[in-house]
Amino acid sequence: MPIFYSMIKKANVLFIAMALMFIFSLGMLGLHLAYQRVQTEQSDFKHYYERQMMMQLFLADYLIRKEHYPETGSVQMNTGKIDYRL
């Protein structure tokens, strides 16, 4: 009988260790997904504001020099390209 009890204790220790590893891995996965989501949101916000600034710069330049721009075309700026149709 004592051998049987020692096998149960070893199995319990192994089960507890595996359960802790599983919980730890789920926690790390959650942290990774949260970090990835934050990074994606930050880059989306950055691109949104860059697009808005490019549009404002184009419109300001267009109001000053209307004759310079044909009805349709594209303008290359330092952060990207704007396609427009007037």
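Attention here is on the structure that accompanies the text. Everything quoted here is computed from the prediction, not taken from an experiment. (Residues numbered from 1 in each chain as written. Predicted model: local features only at pLDDT ≥ 70, side-chain atom pairs only at ≥ 80, totals over all residues. Heavy atoms only, no water.)

A few words now on the overall build of the chain. Counting its regular elements, the chain contains one helix and two strands. Reading the secondary structure of the chain in the N-to-C direction produces α-β-β. Here the C-alpha atoms of the chain give a radius of gyration of 30 Å, more than 25% beyond the 12 Å that 2.2 N^0.38 yields for 86 residues. Along the first, second and third principal axes, the C-alpha atoms of the chain reach 100 × 20 × 15 Å. Burial statistics for the chain: of 86 residues in total, 10% are counted as buried. In the chain, 24% of the contacts between residues at least 6 apart in sequence involve partners at least 24 apart. (Helix = DSSP H or I, 4+ residues; strand = E, 2+ residues; numbered from the N terminus. Rg over C-alpha atoms; globule rule 2.2 N^0.38 Å. Buried < 20%, exposed > 50% of the residue type's maximum accessible area, 1.4 Å probe, protein only. Contact = heavy atoms within 4.5 Å.)

Once that is clear, we can look at the packing of aromatic side chains. On inspection of all chains with the given rule, the structure shows six aromatic pairs. When the ring of Phe 58 is compared with that of Tyr 84, the centres are 4.9 Å apart and the planes differ by 35°; the resulting orientation is tilted. With Phe 58 in helix H1 (residues 2-64) and Tyr 84 in strand S2 (residues 81-85), the pair connects residues that are 26 residues apart, well separated along the chain. Here Phe 58 matches Tyr 84 in class, with each residue buried. Within the aromatic cluster, the residues linked to one another by ring pairs are Phe 58, Tyr 62, Tyr 69 and Tyr 84. (Phe/Tyr/Trp six-rings, centres within 6.5 Å; stacked < 30°, edge-to-face > 60°.)

What follows concerns the pairing of strand S1 (residues 72-76). Bridging between S1 and S2 involves five bridges; their strand directions are antiparallel. Each bridged residue has a counterpart across the sheet, and for Val 75 the counterpart in S2 is Ile 82. What sits between S1 and S2 in their antiparallel hairpin is a turn of four residues. (Pairing = 2+ DSSP bridges.)

Fair warning: the whole summary comes from geometry, so function is off the table for now.
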